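Given next are the chains, with one letter for each unit.
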Amino acid sequence: MTNHAGGSRSAARRSTLYRLIDTDANSDGLEEALVKYYAEDSNFTVESTEIAKVPAVTIWGVVGKKDRADWCATFKSLTGIDAKVANVASAGAILIAASGGPYAITYGMGHLLIDAAKIDPGFGLAFSIRSIEPTQIRQITRSILDSRARVDRSTVPGGQSIRGFGIEHYGEVVSRLAGTLGSIQMTFNRSTPRKVSIAAADSLKIPLGVKPADLLNDLQEITRITQTASPVPELGFIDQIRGLKSNNNVVKQLEDQLARALTKATTAPIALTLPAECEEYEHTAHSYRIKLASDRFEVVDELDISAVLDRVNPLAVTDRLDALRSGYIQMCSDPDGKEKVSRQVKTHKWLAFEASLNSGHFFYHQGKWFEVGDNYLDFLRERLDEVFARPASIPLPKWDSAWEEEEDYNREATKLISGSICLDRKKIHTSQHPYGIEACDIIGPNNELIHIKRASSSGPLSHLFMQGWVSMEALRSDREAREKLLTRIRERSTTHPYNPDFKPKKLIYGIAIKRDATVARKNLFTFSQVALMRAINALENADVDVEVIPIPQ
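About the criteria used
- Residues numbered from 1 in each chain as written.
- Predicted model: local features only at pLDDT ≥ 70, side-chain atom pairs only at ≥ 80, totals over all residues.
- Heavy atoms only, no water.
- Salt bridge = Lys/Arg side-chain N within 4 Å of Asp/Glu carboxyl O.
- Helix = DSSP H or I, 4+ residues; strand = E, 2+ residues; numbered from the N terminus.
- Buried < 20%, exposed > 50% of the residue type's maximum accessible area, 1.4 Å probe, protein only.
- Pairing = 2+ DSSP bridges.
- Patch = residues over 30% accessible without salt bridge, like charges linked within 9 Å, V, L, I, M, F, W, Y side chains within 5 Å.
- Areas by Shrake-Rupley, 256 points an atom, 1.4 Å probe, with all protein chains shown as cover.

Peer 1: Please set out the pattern of salt bridges residue by residue, giving values where relevant.
Peer 2: Scanning the entire structure with this criterion turns up 23 salt bridges. E480 is paired through a salt bridge with K484; the nearest N and O atoms lie 3.6 Å apart. Remark: K484 and E480 occur in helix 12 (residues 479-492); sequence separation between them is 4 residues, near one turn of the helix. Overall, E480 belongs to the partly exposed group, its relative accessible area being 29%. Residues K505 and D543 are paired through a salt bridge, measuring 2.7 Å at the closest nitrogen-oxygen approach. Here D543 lies in the loop between helix 13 (526-541) and strand 26 (545-550) and K505 lies in the loop between helix 12 and strand 25 (506-513), a separation of 38 residues in the sequence. The exposure class of K505 is partly exposed, given its relative accessible area of 42%. Overlapping salt bridges, with partners in common, bring together R383, E386, R390 and E540 in one network.

Peer 1: Pulling in residues and values, what's your account of the sheet that holds strand 14 (residues 298-300)?
Peer 2: Strand order across the open sheet formed by 4 strands is 14-13-15-16, with antiparallel pairing between neighbours. The strands lining the two open edges of the sheet, one partner per strand, are strand 14 and strand 16 (345-346). Where strand 13 (residues 287-291) and strand 15 (residues 328-332) come together, 5 bridges link them in antiparallel fashion. Bridge assignment links I290 to a residue of strand 15, and that residue is I329.

Peer 1: Give me the lowdown on a nonpolar patch on the surface, citing residues and values where you can.
Peer 2: A contiguous nonpolar patch, built from W71, F75, I81 and V85 and spanning about 370 Å² of accessible area, is present on the exposed surface. Tracing the backbone shows V85 in the loop between helix 3 (72-79) and strand 4 (87-96).

Peer 1: Break down unusual backbone geometry for me, with residues and values.
Peer 2: Each neighbour pair has its own omega, and for G101 with P102 the value is 0°, a cis peptide bond. Tracing the backbone through its elements, the reader meets P102 in the loop between strand 4 and strand 5 (103-108). Here A293, not a glycine, exhibits a phi torsion of approximately 55°, which is positive. Take A293: it is sitting in the loop between strand 13 and strand 14. With a phi close to 70°, N447 is a non-glycine residue in the positive phi region. With respect to the element layout, N447 can be found in the loop between strand 23 (442-443) and strand 24 (449-455). Accessibility expressed as a relative area gives 21% for N447, which makes it partly exposed.

Peer 1: Can you tell me about the pairing of strand 19 (residues 368-372), naming the residues and giving the values?
Peer 2: Taken together, the 4 bridges between strand 11 (residues 241-244) and strand 19 define a ladder with antiparallel strand orientation. By the bridge assignment, I241 is partnered in strand 19 with V372. Here strand 18 (residues 360-365) folds back onto strand 19, and the loop between the two strands holds 2 residues, one of which, Q366, carries a positive phi near 55°.

So this is what it looks like as structure tokens:
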């Protein structure tokens, strides 16, 4: 779409804008932000210049230049016709040392010319959440921060309210946003008020002035909005949690911290967590095959963080993360590690870690880094402290040291909780959940669904929170699930008052952490807190009471 204003077709052109980081605002610094491969390629021209007396560097040329397109050989093989078609793609970029930048404007395949490590991550999003109309969102891409690590992309061509996308403000990372720009003053609407669409991620696709003075004014307005304006209230949550790309310089510093923490003597917040693809095998696992910092795999019957730390501790700090990414852990259903039930999952995807850097808070999960805003953390802590402080409607008994397995605890606990039934490992299978779900570990005397977890650390607890949420959702929305639960209950008791005509109204999470006598919100990894908050919000919105009960040990 060509954008223009004031009767001039050349007033503004839709462009792709990046903000640069770690880049000096002079010609030499701007040139260093280019990918050397292209800057030194004879097919490209690089020149220093000025735009309205501001230092700038231009680069232009062609990428993928070939005398014949790749498909020409297949075309000839199928038809006998020799189609002589060249394959050329243009690429251009202007890097400008404007105040608030530097910035890079790209055309065609020009994004390939900018060093990814110099791109300010989330710049486009930072601008869009301060300028876009929250009732005119056309597209949103988000990662769901649960153990399934899902990515969801939703599009409404005509636009709609952000609320219409059903976004959970806590535990979802928005990576791309497209919609209608609100009332701001730029070249495209300076003479005639008009609405335009923008798309934002790390980059910003927006009409920019094509004359030097107009371009500088537009960049100045973008800088002002990004640095001084408050986010639109409905979109402020997007700024509070975001994923980091692997080429971000911050990631390098965080991974240095992680590598140094991979020692047997570490006191850092580090633990093992269950990868998404291994969830369904959790209860069947009786041993684990580990191949880490070795040419051979080993079999262990107990898996905790020491299994990783012991193996990477002897390595040089610089080699530890490479070892995690090349090694694997695999779940087996027998004690000898011969009956494999999961695939080989790279070791780094089993790791949970938290770090602080330059007053920011970050966590590592499923092999990815995330940054969490202070406002988000403050709300999370305050809300969960209130949840942990709620009195227990069913006091859960102390975890006796003789009870080694969760099944032992659940069985003994039901003897002490009058009217309850142990349903541990009794899955129910429905048309909606053909692989089965665990309705609960214990069903209470008044149909309370009680989910129990004793973890080596708070890392694996996110699976517990998701399990409770999924089972409650299934039981409240699907009568078949409630009927199957009744069947499971009747296998154990003919007198329990469960009635499939009524939907469950209370869910209880019972938590114990090994070597941690008192479980509280502050003991939980940030990721586990996010997972718990997501579950609580969803359940309470469905009119379900939620309790979190620390289990004494």
